[in-house]
Amino acid sequence: MRDQAHVTLSVEGMSCASCVGRVDRALAALDGVGDVSVNLASETARFAVDGPERIALAADRLDDLGYPARRASVTLNVEAMSCASCVGRVDRALSAVPGVLEVNVNLASETASVTYLDGATDPAALAAAATAAGYPAEIPDSDAPEDRSARKDAEARGLARRLALAAILALPVFALEMGSHLIPGVHALIADTIGLQASWIVQFALTTAVLIGPGRMFYAKGIPALLKGAPDMNSLVAVGTGAAYGYSVVATFLPGLLPDAVRAVYFEAAAVIVVLILLGRFLEARAKGRTGAAIRKLIGLQARTARVLRDGETVELPIDQIVAGDILIVRPGERIATDGEVTEGTSRVDESMITGEPMPVAKAAGDPVTGGTVNGTGSFRFRATRVGAETTLAQIIRMVEEAQGAKLPIQSMVDRITLWFVPAVMGVAALTCLSWLVFGPSPALTLALVAGVSVLIIACPCAMGLATPTSIMVGTGRAAEMGVLFRKGDALQALGAVDVVALDKTGTVTEGQPELTDLEPADGGARATVLALVAAAEENSEHPIARAIVRAAHAEGVAHERAESFESITGQGVRARVAGHDVLIGSDRLMQRQGIDLAMLADAEADIARRGRTALFAAIDGRIAAVIGVADPVKPFSAAAIAALHELGHKVAMITGDKRETAEAIARETGIDHVVAGVLPDGKVAALDDLRAQGRVAFVGDGINDAPALAHADVGIAIGTGTDVAIESADVVLMSGDLRGVVNAVEVSRRTMRNIRQNLFWAFGYNTALIPVAAGVLYPALGVLLSPILAAGAMALSSVFVLTNALRLRRIAPLMHEGHAGRRMQSPAIPAPAE
């Protein structure tokens, strides 16, 4: 039997000795698990396993049992990653740590996000594992984006110094050796002055300085990786330049070991390759710093200090000293420090950083304000409601960071290929050298060296590793600036491929703020009497229809009594006892279920429905009393946004609890293709399954009852003005509060995925095409053999191309903005919420 190792997991949900017994028995029953000890006081389970794979099985068993093992996550800063092969090795090293569940290594941000079982391992052990693999890792005190930006700026400055020194040293080498090829007579001039041997010695001295100075980093990282059997890009550079340098040293100081026909030096190749690769690294570092520009902009929106009322006096405090409940004073032009609610004063606030809307929003007592937005010309006071990491801006920053660090499904293919790419390239280089030595013309040794070095240098997989993460970072950052937050990385890939966009009605297509338009009493009853009883029953409900009825009663001056025995009937209506009467308000389904005859109001209800209004009924003491019509206006941009989705090739459906007549009235107004009407909240999930017959489905909603549908759809999109529950269930969050954000989200997804495919095509196509050229496949027919210097330049150009292409995503323009308002719907024939 294999040696056993002891593991301690933190276990949630245990509350008594019975829980302990169940956990103990479940773990002890697993193969390969023994010596189980469960502790209720410390909420831990300690056991022995005969292999690391048993830990994950134990965690799965605890999850199934209802006592989940606590998960934790950490993001490590990882140094020395230079290509996709490095990413694969860091991923493999971290995944091998017992207790690790998920690893996401990002070359662009030079981080590794790890999810692990709390107790089975810890961040220090994870950092040690990456470091042992040759990639020093550290646990950041604060993984703030500005820290990463500063780190990339410092790296770029360091590379600039190395590049300048290498260029100064390499220029004379290049001039001495290549000058004779570029300028007639230079070779003779060197021979007649300092002599050919002295020229080689000078080149040797300068190239040696380049390799042990600015180029030492390639050897310090590449040789140990090679000796461990895990070569990376640095190994390719080290072997390639080392071969050229070693061959030249032999030709210079031990000429007798080489035939005269192949005695030549390639010092200039070794020196210039280092210069060109350093140039590529410098440009990469600068470009990587720019990929996080969106995060830095968001952080720049955070106020540093605020004026706070404390003990009757106004004091200026750092933002981290503000607590919920503090009263803050905002002067004209100031940035609002944190989320809150206005208590005194009026103003207009620029909320474009959150919603993307350029028009300032009026604020008065009772209105919410958002930290990071900018006050206009007025002055007001507000009470802080959410501070620190709980503010809207902090949550936006966190969502963007998570999205930027995500690994898309397409990246898995890249990882599998690149993990073995460098060893394969070294094999191809060795085979190339052997082929030239056996089959090549004279001087075969020289040609074999040139071809082998060219293969090693040109095949560095930097571009492959950067192709996906840089596009994700720039694309999601630009999306955030447009008010679109991708909470889950795979949504960025999935959204552009959906076929059907399904929309919730209330608060999504419509304003979600209905108004009472009709109240037709039965049997000539008094409108005021019925309205008073209905408003009293609805007083206790938070449903938008209830609020509309109560507002209408207040506006008409109808007095109503307090309701008793209030009951909400989910998705159908309410019941209450008012002034001795049993009052029932709701849909026709509810009335029919209660055995109430609706015949006398059937014509009135049909007329209300034809006009596109939501119709519901009121019954008093078991008899029908009135039919009520409520209208909810369509949002001004809904029709234009739906038209734009059609132009992008999407079918648009609407799922609503309203009756079909009213739902189809909205569909006619806005151009919706397909209507699913009369569904209860749990019916939205089934409706999505039906729509999947037409392809992949995205669902857009904002209410609590939309949460299951948002989670069930291929891509869930939450209107940012909706509830926290809906937002937490979504893959994408729209801060603008209307459907224009859906159009912009689809555009960002499509453009980003197109950009990733362009990058991958370039990266893989470049290597596929140029490795054979570097190996000399064109030499027999055309006499062309790629110079190692050109190979180094092409390799550096490949990475720079990928980064530059990704940075183009910063110029994505919103497909819909203030100029695409469409016409505002004026018709009252718009249904109110029945979801």
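Residues numbered from 1 in each chain as written. Predicted model: local features only at pLDDT ≥ 70, side-chain atom pairs only at ≥ 80, totals over all residues. Heavy atoms only, no water.

### As for the overall build of the chain
Link 1 in the chain: The helix and strand tally for the chain stands at 31 helices and 28 strands.
Link 2 in the chain: When each of the 835 residues of the chain is scored for burial, the buried share is 54%.
Link 3 in the chain: Looking at the chain as shown, the accessible area adds up to about 34200 Å², and 57% of this sits on carbon and sulfur atoms. (Helix = DSSP H or I, 4+ residues; strand = E, 2+ residues; numbered from the N terminus. Buried < 20%, exposed > 50% of the residue type's maximum accessible area, 1.4 Å probe, protein only. Areas by Shrake-Rupley, 256 points an atom, 1.4 Å probe, with all protein chains shown as cover.)

### Description of the side chain of Asn744
Link 1 in the chain: Among the structural elements, Asn744 can be located in helix H29 (residues 740-775).
Link 2 in the chain: Classification of Asn744 as buried rests on a relative accessible area of 5%.
Link 3 in the chain: Dropping the residues within four chain positions of it, Asn744 is found in contact with Met482, Val484, Pro814, Leu815 and Met816. (Contact = heavy atoms within 4.5 Å.)

### As for the packing of helix H7 (residues 196-212) against helix H9 (residues 233-253)
Link 1 in the chain: The N-to-C vectors of H7 and H9 enclose an angle of 150°; their axes lie 10 Å apart at closest approach. Between H7 and H9, the angle is such that the two are roughly antiparallel. Judged by the sense of rotation from one axis to the other, the crossing of H7 with H9 is left-handed. Of the residues in H9, those in contact with Gln197, Trp200, Ile201, Phe204, Thr207, Thr208 and Leu211 of H7 are Tyr245, Val249, Ala251, Thr252 and Phe253. (Axes fitted to C-alpha atoms, helices over the stretch in contact; angles between N-to-C directions. Parallel < 35°, antiparallel > 145°, perpendicular 65-115°, else oblique. Left-handed = near helix turned anticlockwise from the far one by under 90°.)

### Some details on the UniProt feature "transmembrane region" (unreviewed entry) in the chain
Link 1 in the chain: Within this numbering scheme, the UniProt entry marks residues 159-176, 196-215, 236-258, 264-283, 417-439, 445-468, 760-779 and 785-807 as carrying the feature "transmembrane region" (unreviewed entry).
Link 2 in the chain: Along residues 760-779 one finds 85% helix and 0% strand; the C-alpha atoms at either end are 28 Å apart. (UniProt positions renumbered as here; feature names shortened; annotations may be inferred.)

### Remarks on the environment of Ser85
Link 1 in the chain: Mapped onto the elements, Ser85 comes out in helix H3 (residues 84-95).
Link 2 in the chain: Along the backbone, Ser85 and Ala230 are 145 residues apart, and their C-alpha atoms lie at a distance of 8.8 Å.

### Here's the deal with a positive patch on the surface
Link 1 in the chain: Judged by side-chain charge, Arg754, Arg757, Arg808 and Arg811 come together as a positively charged surface patch.
Link 2 in the chain: Note on placement: Arg808 falls in the segment after helix H31 (788-807). (Patch = residues over 30% accessible without salt bridge, like charges linked within 9 Å, V, L, I, M, F, W, Y side chains within 5 Å. Salt bridge = Lys/Arg side-chain N within 4 Å of Asp/Glu carboxyl O. Lys, Arg positive; Asp, Glu negative; His and termini not counted. Charge placed at Lys NZ, Arg CZ, Asp CG, Glu CD.)

### Points about the pattern of salt bridges
Link 1 in the chain: A complete count under the given rule lists 19 salt bridges for this structure.
Link 2 in the chain: With a closest N to O distance of 3.1 Å, Asp582 and Arg575 form a salt bridge.
Link 3 in the chain: The closest approach of N and O atoms between Glu747 and Arg751, which form a salt bridge, is 3.3 Å. Taken together, the residues Glu747 and Arg751, both in helix H29 and four residues apart, mark about one turn of the helix.
Link 4 in the chain: For Arg751, a relative accessible area of 25% puts it in the partly exposed group.

### Overview of the side chain of Thr241
Link 1 in the chain: In this structure, Thr241 sits in helix H9.
Link 2 in the chain: Residue Thr241 is classed as buried on the basis of its relative accessible area, which comes to 0%.
Link 3 in the chain: Setting aside anything within four residues of it in sequence, one finds Thr241 in contact with Tyr219, Ala270, Ile273 and Val274.

### Quick notes on the packing of aromatic side chains
Link 1 in the chain: Applying the stated criterion across every chain yields a total of seven aromatic pairs.
Link 2 in the chain: The interplanar angle of 20° and the centroid separation of 6.1 Å between the aromatic rings of Phe204 and Tyr245 together place this pair among those described as stacked. Of the two residues, Phe204 sits in helix H7 while Tyr245 sits in helix H9, which places them 41 residues apart along the sequence.
Link 3 in the chain: The structure contains a cluster of three or more aromatic residues connected by ring pairs, namely Phe204, Tyr245, Phe253 and Phe267. (Phe/Tyr/Trp six-rings, centres within 6.5 Å; stacked < 30°, edge-to-face > 60°.)

### Notes on helix H21 (residues 544-555)
Link 1 in the chain: Compared with an ideal rise of 1.5 Å per residue, which puts 12 residues at 16 Å, H21 spans 16 Å between its outermost C-alpha atoms and is within 8% of the ideal.
Link 2 in the chain: Of the positions making up H21, those classed as buried are Ile545, Ala546, Ala548, Ile549, Val550, Ala552 and Ala553.
Link 3 in the chain: Where H21 is buried, its residues meet strand S18 (515-521), helix H20 (527-538), strand S22 (614-620) and strand S23 (623-631).
Link 4 in the chain: Directly beyond the C-terminal end of H21, a positive phi value near 70° is found at Gly557. (Expected span 1.5 Å × (residues − 1).)

### Examining the sheet that holds strand S21 (residues 581-586)
Link 1 in the chain: Reading across from one edge, S18-S23-S22-S21-S20-S19 is the order of the six strands in this open sheet, with antiparallel pairing throughout. Pairing within the sheet leaves two strands with one partner each, and these edge strands are S18 and strand S19 (563-569). Strand after strand, the sheet turns through a mean of 20° between neighbouring axes, direction not considered. (Pairing = 2+ DSSP bridges.)

### Description of the pairing of strand S11 (residues 339-350)
Link 1 in the chain: Of the strand pairs in this sheet, S11 and strand S15 (residues 379-386) are connected by seven bridges, and their pairing is antiparallel. Looking across to S15, one finds that Val342 is bridged to Phe382.
Link 2 in the chain: In this sheet, strand S13 (residues 368-369) lies alongside S11 in antiparallel orientation, the contact comprising two bridges. Note that in S13 the partner of Glu341 across the bridge is Pro368.
Link 3 in the chain: Direction of pairing for S11 relative to strand S12 (residues 361-363): antiparallel, over a ladder of three bridges. The partner of Ser347 across the bridge, within S12, is Lys363.
Link 4 in the chain: Strand direction decides the pairing type here: S11 and strand S14 (residues 374-375), joined by two bridges, are antiparallel.

### Some thoughts on the sheet that holds strand S27 (residues 715-719)
What links the strands of a sheet is backbone hydrogen bonding, and the strands pair in either a parallel or an antiparallel sense.
Link 1 in the chain: The strand order S16-S28-S27-S26-S17-S24-S25 describes an open sheet built from seven strands, whose pairing is mixed. Unpaired on one side and paired on the other, strand S16 (484-486) and strand S25 (674-676) mark the two borders of the sheet. The mean angle between the axes of side-by-side strands here comes to 20°, regardless of whether they run parallel or antiparallel.
Link 2 in the chain: Pairing between strand S24 (residues 651-655) and S25: three bridges, direction parallel. Opposite Ile655, over in S25, you have Val676 as the bridge partner.
Link 3 in the chain: In the packing of helix H25 (residues 660-670) onto the sheet, contacts are made with S24 and S25, and the angle to S25 comes to roughly 150°.

### Points about the packing of H9 against helix H15 (residues 421-439)
Link 1 in the chain: For the pair H9 and H15, interaxial distance at closest approach is 9 Å and the crossing angle is 20°. Classed by the angle they form, the pair H9 and H15 counts as roughly parallel. The handedness of the crossing between H9 and H15 is right-handed. Across the interface between the two elements, Met233, Leu236 and Val239 of H9 pack against Val422, Val425 and Met426 of H15.
Link 2 in the chain: Of the residues that constitute the contact of H9 with H15, the class distribution is six nonpolar, no polar and no charged. (Nonpolar A, V, L, I, M, F, W, Y, C, P; charged D, E, K, R; others polar.)

### Some words on unusual backbone geometry
Link 1 in the chain: Positive phi, normally seen in glycine, also occurs at Asp35, with a value near 50°.
Link 2 in the chain: Asp35 sits in the exposed class, given a relative accessible area of 53%.
Link 3 in the chain: A positive phi angle, close to 75°, is found at Ala80, a residue other than glycine.
Link 4 in the chain: Note on placement: Ala80 falls in the loop between strand S4 (71-78) and H3.
Link 5 in the chain: Relative accessible area serves as the criterion here: at 18%, Ala80 is assigned to the buried category.

### Quick look at a nonpolar patch on the surface
Link 1 in the chain: A cluster of nonpolar side chains, Leu431, Leu434, Leu437, Val438, Phe439 and Leu445, forms an exposed patch at the surface whose accessible area comes to about 630 Å².
Link 2 in the chain: With five residues, H15 is the single largest residue contributor to the nonpolar patch.
Link 3 in the chain: By secondary structure assignment, the location of Leu431 is in helix H15.
Link 4 in the chain: Residue class for Leu431 comes out exposed when judged on its relative accessible area of 54%.

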